Each structure stands twice: as C-alpha cells, then as structure tokens.
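# Descriptive structure summary
Residues per chain, in single letters:
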Amino acid sequence: MSKILVTGGAGFIGSHTVVELQNSGFEVVIADNLSNSNEQVISQIAEITSKKPLFELVDLANESACKNLFEKHSDIVAVIHFAASKAVGESVEKPLFYYQNNLCSLLNVLENMVIHAIKPIVFSSSCTVYGQPKILPVDEQSPLQPAESPYGNTKQICEEILSDCTKATSIHVIALRYFNPIGAHETALIGELPLGVPNNLMPFITQTAAGIREKLSVFGNDYNTPDGTCIRDYIHVVDLAKAHVVALNRMLNHQQKQSIEYFNVGTGNGFSVLDVIKSFEKTSGQTLNYQIVGRRAGDIEQIWANPKFANEELGWKAEKSLDDMTLSAWNWQKKLIQ
Ligand code: UFG
C-alpha cells in the first residue's frame, strides 16, 4: 500500500480527500496543526472508511517539526498539500502571518521531499489566481491577475515556487485550481466546520437556517449578472476530493505530460447567490431569512470554470448537482446541532 502524506488532512477538503484516498486503497498519514479543524475528524474518517488514518499533530511551518515528520515516515511516496490558512479577509489584516504560514509550510515540505527523493506533490491552488477574468468561462491559459489579497498572493507565489522547483529538482506537481467547494460527505460525518462567524456563503446559509445566525446578508444585487448577485462555480467537496485521487494516480503512474500541470477543478456551471439560496430552500424545506445589503469589498462579479482540460486529460468530471451540494451541507449542519 502506498503511503501518502496529506497535509491539512483534518480540514474541510483534506478530510474528504483522505476518505477517497483510503477508499482507493492508499495508506494515509495526516499532518495537521488543528488550527482550523478538530481531531475528532480522524475518528469520523475511520467510521466512514473502517480505517483510521495515521495522524501527526505538527505545524509544518516549523522547520524541525517538518523534518522530523518526514524522517518518521520515510516511506511516503507522494504528498497532497492542503495545509494553509485560507480566509481572504483575515489575510488582509494579518499579511505576515499568511505569508509565513502558507509559504514556509510549502518550503519546508518541498525541502524534505527533495531530501527523501519524494517526487509527486498535488497542490491546493485556487481560482483566485485568475482574479476577474475578461473572458468566461476561464480556462488554464487565461492570464493570471495581480492578487486581490495576501491569501490570493500566497497561492500565486506557491505556484511559482513549485514551478521553479520542477526546473531544478525531480519534484513533479499537479496544481488543482479549485473553484467554490461546498457540501459535505453523504454520511454527514464530515463537513465544513468554520470557527466563529463563517465568511463563506454555504456555512452562513446553513447556520442561519439552523438559528445560529439571525439572517444572511446577500452582498450586492447590482452586479452585471442576470439577477444582480455574484456568480460562482460551486463544486461538491466530494467531487473535488475525487479529483485529488485522479491527479495522484496520474503522477504515480507517470502519465504527466509536463513536470507541472495546472487544472481547473470546477463544474463549468455558474450559479448566483440567489440560485444557491433557492436550491437550499428547495432541498432543505427551510425558508431562509436573508436581506440584500451592499457589496462586499474585494468580491469579483462572476467566475466559472471551463473544466474541459481536467475532464479530458484527467478523465475526471464533477458529477453532483447544486441541489446535492445544498442538501448535503444541510444534512451536515443538522447533525452538528443534534
Ligand atoms: N456571500 C454573501 N453573503 C455571505 C457570504 C458570501 O452574499 O454571507 C456571497 C459573496 O459575496 C460571493 C458568494 O457569496 O458572491 C460566494 O462567497 P464565498 O465567500 O462563499 O466565496 P468566495 O468566492 O468569496 O471565496 C472563494 C473561497 C476563497 C477563495 C476565493 C477566490 O472561499 O477561499 O473563492 O475568489 F479565495
């Protein structure tokens, strides 16, 4: 069984990916500092897959801790690197923390991969690297725009670091540019667990319906879109998790065509904020208390993916609908408040 290091494996996307990896026969070691997750996730993964992943409580931005991790698990064959801070607003307030955390952890991981001759790494990138594209849908050739936030900048810089490494070392990279992951596992045993007041739309919707928040603020209805609210490409987190397994197998089976490859991981469908609310009301049977307010600073108007390259090259395609996403998110929220 090939052992895969999943950094940030206790987090939202990481935990769903660990489930898919274990279901595909991989052995997983999770490295996570639990800064935005809970150790209970490890037992939930074990309940879903009937196998407990190995777990190391480690801060990868700490050089010696990262070195020890790789020495202890010297049989790792590949890395999937999720570990990073990801709140756009927070990154504006704490730029140094974001650069320190997101860049140092990647640098430490790469340095140890070189030492231990581990070649493949799947990297969590983001559609944020495209900014507001001039042409929609956005494909992998679309020009990258200057980042709108320190968080976005760390994703761009990390892609550059990885690209440089592929030129100078034997490291191989697949950078998955995620669109907007939402939803939860069908068992409702794992899902998104934001600390404090959620920044993102889906957890805010489910917490409002659950009575934890009074109402959802819809940030702007005066955009140049059919209903005036922003458009995003929402993707079910399980579809996204499966893309990681496909990417990993492509690397392990030496099917990469370039030493660094970039893929858009989206559905190809753009939905507005009001579309998401309507879907949620339909699948949950709840009436959502919401109010249109002013625009949120830094929001782009609309973006959705052209996923053709991922569909054709990876043989991966998102399968779940928006209704699957909103229903699974609601089932997870209901379980949380039980
Ligand atoms: N929105 C609301 N009310 C809320 C929260 C969000 O109306 O309470 C709207 C936003 O204005 C936006 C849409 O819902 O139009 C989606 O917002 P999210 O915060 O859920 O997602 P973003 O598209 O802003 O952010 C996502 C990821 C980030 C990533 C970013 C790149 O969550 O990690 O895409 O643009 F950086």
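Residues numbered from 1 in each chain as written. Predicted model: local features only at pLDDT ≥ 70, side-chain atom pairs only at ≥ 80, totals over all residues. Heavy atoms only, no water.

### Here's the deal with the packing of aromatic side chains
Quick note on the threshold: Stacked, edge-to-face and tilted are the three classes for Phe, Tyr and Trp ring pairs, Trp counted by its six-membered ring, which pair at centre distances within 6.5 Å; planes under 30 degrees apart are stacked, over 60 edge-to-face, the rest tilted. Only protein chains enter the accessibility calculation, which uses a 1.4 Å probe; a residue is then buried when its area is under 20% of its type maximum, exposed when over 50%, and partly exposed in between. Under the DSSP-based scheme used, a helix requires at least four consecutive residues in state H or I and a strand at least two consecutive residues in state E, with every element numbered from the N terminus. Two limits define a charge over a ring: the Lys NZ or Arg CZ must be within 6 Å of the ring centre, and within 35 degrees of the ring normal.
Summed over all chains, the structure comprises 3 aromatic pairs. Measuring from ring centre to ring centre gives 5.8 Å for Phe97 and Tyr98, while their planes differ by 80 degrees; the resulting arrangement is edge-to-face. With relative accessibility at 41%, the residue Phe97 sits in the partly exposed group. Geometrically, the ring pair formed by Phe263 and Phe309 is stacked, given 4.8 Å between the ring centres and 15 degrees between the ring planes. A residue pair is termed long-range when its members are at least 10 positions apart, and Phe263 in strand β11 (residues 260–265) and Phe309 in helix α10 (residues 308–314) qualify at 46 residues. Sitting over the face of the ring of Tyr223, Arg295 holds its NZ or CZ atom 3.9 Å from the ring centroid.

### Looking at the site of the ligand
The condition that has to hold: The criterion for a residue being near a molecule or strand is simple. One of its heavy atoms has to lie within 4 Å of it. Here a polar contact means two N or O atoms within 3.5 Å. Within protein one must be a hydrogen donor candidate and the other an acceptor candidate, and residues neighboring in sequence count only if both atoms are side-chain atoms. Using a 1.4 Å probe, accessible areas were evaluated by the Shrake-Rupley method; residue-level cover was limited to the displayed protein chains. Throughout this entry, Asp, Glu, Lys and Arg are counted as charged residues, while Ala, Val, Leu, Ile, Met, Phe, Trp, Tyr, Cys and Pro are counted as nonpolar. The remaining residues, Gly among them, count as polar.
Around the ligand there are 19 residues in total, and Tyr151, Ser217, Arg232, Arg296 and Asp299 lie nearest to it. Contact between the ligand and Asn200: an oxygen atom at 2.9 Å from a side-chain N or O atom of the residue. In the complex, the protein chains occlude 89% of the 680 Å² of accessible area that the ligand would expose alone. Those elements giving two or more residues to the shell around the ligand turn out to be α7 (201–209) and β8 (216–219). Tallied by class, residues from the shell around the ligand come to 10 nonpolar, 5 polar and 4 charged.

### Details of the packing of α7 against helix α9 (residues 273–284)
Basically, it comes down to this: Axis lines are fitted through C-alpha atoms, for helices just across the contact stretch, and the angle between N-to-C directions can take any value from 0 to 180 degrees. Our angle categories are set so that under 35 degrees counts as roughly parallel, over 145 as roughly antiparallel, 65 to 115 as roughly perpendicular, and the remainder as oblique. Crossing handedness is read from the near helix: turned anticlockwise from the far helix by less than a right angle, it gives a left-handed crossing, and turned clockwise, a right-handed one. In what follows, a contact means two residues having at least one pair of non-hydrogen atoms within 4.5 Å.
Two numbers describe how α7 lies on α9: the axes approach to 11 Å, and their chain directions differ by 40 degrees. Taken together, the axis directions place α7 and α9 in an arrangement best described as oblique. Taken as a pair, α7 and α9 cross one another with a handedness that is right-handed. For the pair formed by α7 and α9, the contact residues are Leu201, Met202, Ile205, Thr206 and Ala209 on the first element and Val273, Val276, Ile277 and Phe280 on the second. Class assignment for the residues of the contact of α7 with α9 results in 8 nonpolar, 1 polar and no charged.

### Overview of a nonpolar patch on the surface
As a reminder, the rule being used: Nonpolar side chains (Val, Leu, Ile, Met, Phe, Trp, Tyr) are joined into patches within 5 Å and like charges within 9 Å, using only residues with over 30% relative accessible area and no salt bridge. Just to be clear on terms, a salt bridge is a Lys or Arg side-chain nitrogen sitting within 4 Å of an Asp or Glu carboxyl oxygen.
Taken together, Leu193, Ile212, Leu336 and Ile337 make up a surface patch of nonpolar side chains, about 320 Å² in accessible area. The exposure class assigned to Leu193 is partly exposed, which follows from its relative accessible area of 38%.

### What to know about the environment of Lys257
By the secondary structure assignment, Lys257 is in the loop between α8 (237–252) and β11. The sequence separation of Lys257 and Val92 amounts to 165 residues, and the corresponding C-alpha distance is 37 Å. Aside from chain neighbours lying at most four places away, what touches Lys257 is Arg250 and Glu313. A polar contact of 2.8 Å, which involves the side chain of Lys257, links it to the side chain of Glu313.

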